Amino acid sequence: MKKTILHIFLIVTSIITLSPFIWMLSASFMADGHANVYPPIFFPDAFTLMQYRNLFTRLNVSSNFLNSLFLSITVTVISLLFNSMAGYAFAKFRFKMKDKIFNLLLSSMIIPAQVTMLPLFLMLKSMGLINSYYAIIIPGMANIFGIFLIRQYAISIPDSLIESAKIDGANDFQIYYRIILPLCMPILITLALFTFMGTWNDFMWPLIVLTDNSLYTLPVALANLMLEHSKDPELMMAGSVITIIPVLIVFLFLQKYYISGIMSGGVKE
Amino acid sequence: MKKLDLNKENIRSAVIFLSPALLSIFIFFFIPVVAAFIISFTDFDIYSIGDYANISFIGVRNYSRLFQDVLFWTSLKNTFYFVVLAGPLSVAVSLFAAILLNSKLVKFKGLFRLSYFIPVVTTLVAVAIVWRFIYHPKFGILNFALSFIGINPIDWLGDPNWAMPAIVIMAVWKNFGYNMIIFLAGLQNIPSHLYEAAIMEGANSWQQFKSITLPMLAPTTLFVSLITMIGFFQLFAEPYIMTQGGPMNSTLSIVQYMYQEGFRWWNIGYSASIAFALFFIIFIGTIIQFKLRKDE
């Protein structure tokens, strides 16, 4: 009895949680005006792809899609390289001030990113990089959380492995890509996932530094589209689907890494 | 002799391995933080962007202006209202969900966990747009659903009294899955023999929750409350998409006000002081949370 009630409750709340997505998906397949009716219909009476066609032809969303994809992949690759190198150094190297520098980095995580935005904008502007891909890529090249995540993981790699590789004549770079990177693979996937999705979903910074419609990422393009199409739910839902689907697919394939990343970050702190 | 060489080698590779990340963090994070602090004591505005010679130091005038700025106080009040409402609600919902999912009775745990978690990974801008239509007073599915339990249509985003609660509901829906995962990890770390002993002594579920689960989860709860609070103070995209700060500035947030002053009107000095006010609030909030836990 108790078990049945519990399951009914879980099923109902799951459906409620997912209902915005269900409605989004079905409205995106409706013709103009069909989502603006009372009572609302949950399933399109006449299935149509016209909203998607509209987005990709007339509104040229494909370039926004490619911008998002390119930027997310580029930031992920670069930051993964930089963060893993630094994470390894903080985990395994011995040098002066190591703990001091690391603690300084950690405590500065409390500074909200918004504080840096104005000077960063001026800095990039003086370099002529506003309204270019660089304005997104450069500030994303490394981040403290990523270094922290890798360092926590790499620190548990036994020193003996590294020592014996050194005896065999391996230098630090060989150790980095032959031992550290393979052993850190799970956390690298986790961090890659965080970074990819974080860059894909980011809104405020791209909104500030990208001014040209052809350079907009999907969220910025979508916000912009909303200004003219606030009365067209069908079109806007199709845009939302296009924006959400890629991150959702990536997440579904790699969810175990994402979940374990949150858990390790949360429990160890 | 050999030892010395190794050390030298060590320092050289430490520099090589650290410099890409640390240099970019130094140049694109630490320098901007310091620069923002300095800018917040200047009258940096649109005329200074073309020619930095137009900038002059004005002491704490930006900060004293904050105190008299009605719009700033409104944004402060709104943001606090949001954090105080959405923060505890989000933590409570995620703890509740985690406890349910942690029960041994539950089948298809992974599936339920996934359904609760999906809002977390989806694009905030896209879901804010979806919710904007869900909240539509005439055609929205929320008012339609509420009509079944006899609630009259609410103008969620058009009524100054309802706009912020509407954003709170959406934010809780979007975020609770994240905290739920952290709570699940915390719950799994509680040794089961504690519960077994409590059951032997005849403790009911509520007593077990109060005297075992909550105290054992205290560090997790602190962490969850902290990251939730810090994240919620930075409220921006939801009002930007759903209400543009309205109606009647009832959802204007601190970050949104900072964005408007800085990047729309180019009052960069003043905007920097708003950013530091946000930093200061988050800093104080963090200290208070730590203090509260210690006292317990």
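### A word on the domain arrangement of chain A
All names here are of chain A.
Right, so step 1: On domain assignment, one finds that chain A holds domain 1 (1-48) and domain 2 (61-268).
Right, so step 2: With centres defined by C-alpha atoms, the gap from domain 1 to domain 2 works out at 33 Å.
Right, so step 3: Across the interface of domain 1 and domain 2, roughly 760 Å² is buried in total on both sides, 74% from carbon and sulfur atoms.
Right, so step 4: Taken as a group, Met24, Ser28 and Asn36 account for 50% of the area that domain 1 buries against domain 2, more than any other trio of residues on that side.
Right, so step 5: At the junction of domain 1 and domain 2, the tally comes to zero salt bridges.

### Some words on the pattern of salt bridges
All names here are of chain A.
Right, so step 1: Applying the stated criterion across every chain yields a total of one salt bridge over all chains.
Right, so step 2: Ionic pairing is found between Asp159 and Lys92, a salt bridge with its closest N-O pair at 2.9 Å. In this pair, Asp159 sits in helix α8 (residues 159-167) while Lys92 sits in helix α3 (residues 61-92), placing the two residues 67 residues apart along the sequence.

### With respect to the interface of chain A and chain B
Right, so step 1: Residue-level contacts link 91 residues of chain A with 90 residues of chain B.
Right, so step 2: With both chains or domains summed, chain A and chain B bury close to 8200 Å², and 83% of this area falls on carbon and sulfur atoms.
Right, so step 3: Summed over the three residues of chain A that lose the most area to chain B, namely Ile110, Leu118 and Leu122 of chain A, the buried surface amounts to 8% of that side.
Right, so step 4: Inspection of the region where chain A meets chain B yields zero salt bridges.
Right, so step 5: Our count for the chain A to chain B interface comes out at eight residue pairs in polar contact (both at pLDDT 80 or more).
Right, so step 6: Per-element accounting of the side of chain A that touches chain B gives the leading share, 18 residues, to helix α13 (residues 233-268) of chain A.

### As for the environment of Leu105 of chain A
Right, so step 1: Relative to the helices and strands, Leu105 of chain A is located in helix α4 (residues 98-107).
Right, so step 2: On the basis of relative accessibility, which here comes to 5%, the residue Leu105 of chain A falls in the buried class.
Right, so step 3: Taking the C-alpha atoms as reference points, Leu105 of chain A and Ile144 of chain A, separated by 39 residues in sequence, lie 6.4 Å from one another.
Right, so step 4: Not counting chain neighbours up to four residues away, the residues in contact with Leu105 of chain A comprise Phe90 and Ile144 of chain A together with Leu22, Ile25 and Phe30 of chain B.

Thresholds, definitions, all that
Throughout this document, residue positions are counted from 1 along each chain, in the order its sequence is written. Note on labels: chains are lettered from A, ligands numbered from 1, in written order. Only residues with pLDDT of at least 70 are given local features in this predicted model, and only at 80 or more are side-chain atom pairs given and counted; all residues enter the totals for whole chains, interfaces and linings. For side-chain calculations, the full set of non-hydrogen atoms in the structure is used, while hydrogens and water are omitted. Domain delimitation in this document rests on an assignment produced automatically or drawn from a domain database. Note: buried area is the sum, over both parts, of the accessible area (probe 1.4 Å) each one loses when the two are combined. Within this document, salt bridges are pairs made up of a side-chain nitrogen of Lys or Arg and a carboxyl oxygen of Asp or Glu, the two lying within 4 Å of each other. Working definition: helices are DSSP H or I runs of at least four residues, strands are E runs of at least two. Numbering for both runs from the N terminus. Any pair of residues with heavy atoms lying within 4.5 Å of one another is described as a contacting pair. N or O atoms closer than or at 3.5 Å make up a polar contact, with two conditions inside protein: a donor-capable atom paired with an acceptor-capable one, and, for residues adjacent in sequence, both atoms drawn from side chains. Exposure classes here rest on a 1.4 Å probe applied to the protein chains alone. A residue is buried below 20% of its type maximum, exposed above 50%, and partly exposed in between.

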